[in-house]
Amino acid sequence: MRKLSAIVAAIMLVLTTAGLGAPMARAADYRLDVGDQVRVKVLDWRSTMGDVHEWTGLTGDYRIGSDGTLSLPLLGAVKAAGQTVEQLAEGISTQLQTTVGISFQPHASVEIVDYRPFFILGDVNKPGAYAYRPGLTVLEAIS
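Residues numbered from 1 in each chain as written. Predicted model: local features only at pLDDT ≥ 70, side-chain atom pairs only at ≥ 80, totals over all residues. Heavy atoms only, no water.

This part takes up the environment of P106. Secondary-structure assignment places P106 in the loop between helix 2 (85–100) and strand 6 (107–114). Its relative accessible area of 2% is what places P106 among the buried residues. Sequence-distant contacts of P106, defined by excluding residues within four places in its chain, comprise V42, L43, D44, W55, S93, L96 and Q97. (Helix = DSSP H or I, 4+ residues; strand = E, 2+ residues; numbered from the N terminus. Buried < 20%, exposed > 50% of the residue type's maximum accessible area, 1.4 Å probe, protein only. Contact = heavy atoms within 4.5 Å.)

What follows covers the side chain of D44. Within the fold, D44 resides in strand 1 (residues 37–46). A polar contact of 2.7 Å, which involves the side chain of D44, links it to the side chain of R46. In terms of polar contacts, D44 uses its side chain to reach the side chain of W55, at 2.5 Å. Setting aside chain neighbours within four positions, we find D44 in contact with D51, V52, H53, W55, F104 and P106. (Polar contact = N/O pair within 3.5 Å; in protein donor to acceptor, adjacent residues only side chain to side chain.)

To continue, consider the packing of aromatic side chains. The final tally for this structure, using the stated rule, is 4 aromatic pairs. Pairing Y30 with Y132 gives two aromatic rings, centres 5.5 Å apart and planes at 25°, and the pair type is stacked. Of the two residues, Y30 is situated in the loop between helix 1 (2–17) and strand 1 and Y132 in the loop between strand 8 (128–130) and helix 3 (138–142); the sequence distance between them amounts to 102 residues. Its relative accessible area of 4% is what places Y30 among the buried residues. Since its relative accessible area comes to 10%, Y132 is described here as buried. Ring geometry for F118 against Y130: centres 6.1 Å apart, planes inclined by 25°, an arrangement best described as stacked. (Phe/Tyr/Trp six-rings, centres within 6.5 Å; stacked < 30°, edge-to-face > 60°.)

A few words on helix 2. An ideal rise of 1.5 Å per residue puts 22 Å on 16 residues; helix 2 measures up with 22 Å between its terminal C-alpha atoms. Regarding helix 2, the residues found buried are V85, L88, A89, I92, S93 and L96. Here the buried residues of helix 2 occupy an arc of 135° about the axis, which is enough to place them on one side. Lining the buried residues of helix 2 we find strand 1, strand 4 (69–72), strand 5 (76–79) and strand 6. Count one or two residues on from helix 2 and you reach G101, which has phi positive near 75°. (Expected span 1.5 Å × (residues − 1). Arc of directions from axis to C-beta.)

Put into structure tokens, the structure is as follows:
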């Protein structure tokens, strides 16, 4: 029983550092960190042409590096660790406007493609990395 308590405590610590201490955390509360993979799209409205323009040079899937940043074309290292997807998208939009020197702010969208794993160690049948999914509870994790 003592070993099970230690395992539950370790999983709670991992899920809490991901911003997921609540048993059923909302996906919007998820905090990005090293190992998460995100898809970035940047768009702007071209009123003279009457359509949406996609910044294809920035569109793609990116993994958050060991320094907690995304390495994006034109922008370089963009801080991602500790932010929600909404905060990261706003940061990319703002930084792009400033770096490129344009009068309008393009719209960036960020979605999580692959969540970083969590790890279970100790006296268990299968220690190691396990896939995370939004809404995962501690009970589900140790099951």
